[in-house]
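Notes for the structure review
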Amino acid sequence: MGELWGVGAAMLSSALGGAAVGATRYVAGVLDPLALGSFRFGVGVLLLAPLAWRGTAPWPARRDWPATLGLGLLFFALFPLLFNAALRYTSAARGALALSALPVLTMAVAALLGVERLTPRKTAGVLLAMGGVALALLTGLSKAPANAWRGDLLMLGAALCMALYSIWSRPLIRRSGALTFTTLAMAAGALTLLVGAAANGSFAQVAQFGRPQWLAIAYLGVCGGAIGFYLWSFALQHSTPTLVALSVTVNPVTAGLVGAWVLDEPLTWNLVAGLATVLAGIALATGGRRTG
């Protein structure tokens, strides 16, 4: 049951991340990636820090601080920069498909490091879920800009950052707690992005903000930042890295559903079929398992 709770938390985290794509589109035209990331994770830290401070879970031990801060820079600074840079070269559909390679990367690296056992059922579930993402994005894959391969490679680099974070952070989270670890790691990334944004003069663009942009920032900080990444750490505390990473296949499908609902984008048959296939892949990978 603990593992099922972990997978459920990971799926909810990925669903919030998919919905955050729509919020990002409101502000992407007037705010650069450094400022956007510092807002998102800065608000997340401000919300998580009081809860972590008043909670009963211990903070990461001194010996774990270098690893915690390093993983924070990897996931909350380098990952969003690679992600945003990737979308400058490739389409959203191709980028989402490249990011959906995360479960395969996580599964392969975890197996190589001896962290997680590779099983036929888990492999089949991962491949089925990835196929669901490809099906959901079918209508957008043909619309590729020139030199899209650069963006695809950058997105694969972002996925590798996320895979390494998911694998290396799990023992640290278990030694302290999901809330305290996430707060400290996110603070490292947020501070780095804040310094970079200030040095680049990125916050001058905030003068162009209206009510929709501020609401989008609020959603990104609360749901796409604090809640979403706490749930991701909670999932790693209770489930295996591959099963947690598998939930990212929900992200692009959720983004498509939110686009159809909020942005009046068409709701196509392949999006619905892709969602069903993704859920079937997750059910296959998590079903009939007794150990990680």
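Report on the accompanying structure. (Residues numbered from 1 in each chain as written. Predicted model: local features only at pLDDT ≥ 70, side-chain atom pairs only at ≥ 80, totals over all residues. Heavy atoms only, no water.)

Let's shift gears to the pattern of salt bridges. In total, this model carries two salt bridges according to the counting rule given. Taking the shortest distance from any N to any O, the salt bridge between K122 and E116 comes out at 2.7 Å. In this structure K122 comes out as buried when scored by relative accessible area, which is 2%. According to the relative accessible area criterion, E116 is buried, its value standing at 8%. (Salt bridge = Lys/Arg side-chain N within 4 Å of Asp/Glu carboxyl O. Buried < 20%, exposed > 50% of the residue type's maximum accessible area, 1.4 Å probe, protein only.)

In this section: the packing of helix α8 (residues 178–200) against helix α9 (residues 211–238). Two numbers describe a pair of packed helices, the interaxial angle and the distance between the axes. Two elements in contact, α8 and α9, have axes whose closest approach is 9 Å; the angle formed by their N-to-C orientations is 125 degrees. Taken together, the axes of α8 and α9 lie oblique to each other. With respect to the hand of their crossing, α8 and α9 are arranged in right-handed fashion. Contact residues: A178, L179, F181, T182 and M186 in α8; G225, F229, Y230, S233, F234 and Q237 in α9. Of the residues belonging to the contact of α8 with α9, the class tally is seven nonpolar, four polar and no charged. (Axes fitted to C-alpha atoms, helices over the stretch in contact; angles between N-to-C directions. Helix = DSSP H or I, 4+ residues; strand = E, 2+ residues; numbered from the N terminus. Parallel < 35°, antiparallel > 145°, perpendicular 65-115°, else oblique. Left-handed = near helix turned anticlockwise from the far one by under 90°. Contact = heavy atoms within 4.5 Å. Nonpolar A, V, L, I, M, F, W, Y, C, P; charged D, E, K, R; others polar.)

This part takes up the nonpolar core. The biggest cluster of nonpolar side chains holds 61 residues, and the ones touching the most others in it are L31, F75, F76 and Y165. Apart from the residues within four sequence positions on either side, L31 is in contact with L36, F39, S202, Q205, V206, F209 and I217. (Core = buried A, V, L, I, M, F, W, Y, C linked by side-chain atoms within 4.5 Å.)

The next point concerns the environment of R88. With respect to the secondary-structure elements, R88 resides in the loop between α3 (65–86) and α4 (92–99). Exposure remark for R88: the relative accessible area of 69% places this residue in the exposed category. C-alpha of R88 to C-alpha of R150: the two residues are 62 residues apart in sequence and 9.3 Å apart in space.

Further remarks concern helix α2 (residues 33–54). Helix length check: α2 (22 residues) gives 32 Å between terminal C-alpha atoms against 32 Å at 1.5 Å per residue, within 8%. In the structure, α2 departs most strongly from a straight axis at L48, where the bend amounts to approximately 30 degrees and where the proline P50 lies between one and four residues downstream. (Expected span 1.5 Å × (residues − 1). Bend = angle between axes of the 7 residues up to and from the residue.)

Residues L112, L113, V115 and W168 make up a contiguous nonpolar surface patch of about 450 Å² in total accessible area. Within the secondary structure, L112 is located in helix α5 (residues 102–112). Taking relative accessible area as the criterion, L112 reaches 75% and is therefore assigned exposed. (Patch = residues over 30% accessible without salt bridge, like charges linked within 9 Å, V, L, I, M, F, W, Y side chains within 5 Å. Areas by Shrake-Rupley, 256 points an atom, 1.4 Å probe, with all protein chains shown as cover.)

Overall, the coordinates contain 15 aromatic pairs when judged by the stated rule. Pairing F41 with F76 gives two aromatic rings, centres 5.2 Å apart and planes at 75 degrees, and the pair type is edge-to-face. Here F76 lies in helix α3 and F41 lies in helix α2, a separation of 35 residues in the sequence. For the pair shown, F41 and F76 are each scored as buried. Aromatic side chains F75 and F229 sit 5.4 Å apart centroid to centroid with 85 degrees between the ring planes, which places their arrangement in the edge-to-face category. Of this pair, F75 sits in helix α3 while F229 sits in helix α9, placing them 154 residues apart in sequence. For F75, a relative accessible area of 2% gives the class buried. Each residue in the set F41, F75, F76, F79, F83, Y165, F181 and F229 is aromatic and connected to the rest through ring pairs, giving one cluster. (Phe/Tyr/Trp six-rings, centres within 6.5 Å; stacked < 30°, edge-to-face > 60°.)

Moving on, we get to the packing of α3 against α8. Relative to each other, α3 and α8 sit at 55 degrees, their axes nearing to 7 Å. Considering the angle they form, α3 stands oblique to α8. For the crossing formed where α3 meets α8, the hand is right-handed. When α3 is examined against α8, the residues W65, T68, L69, L71, G72, L73, F76, A77, P80 and L81 are found in contact with a partner set consisting of F181, L184, A185, M186, A188, G189, T192 and L193. Among the residues forming the contact of α3 with α8, the class breakdown is 14 nonpolar, four polar and no charged.

As a further point, take helix α6 (residues 120–136). Under the 1.5 Å per step criterion, the end-to-end length of α6 is 24 Å for 17 residues, consistent within 8% with the ideal 24 Å. Considered for burial, the residues of α6 that qualify are K122, G125, V126, A129, M130, G132, V133 and A136. Projected down its long axis, α6 shows its buried positions confined to an angular sector of 150 degrees, all on one face. Exposed side chains of α6 directed beyond 90 degrees from the buried face belong to P120 and L127. (Arc of directions from axis to C-beta.)

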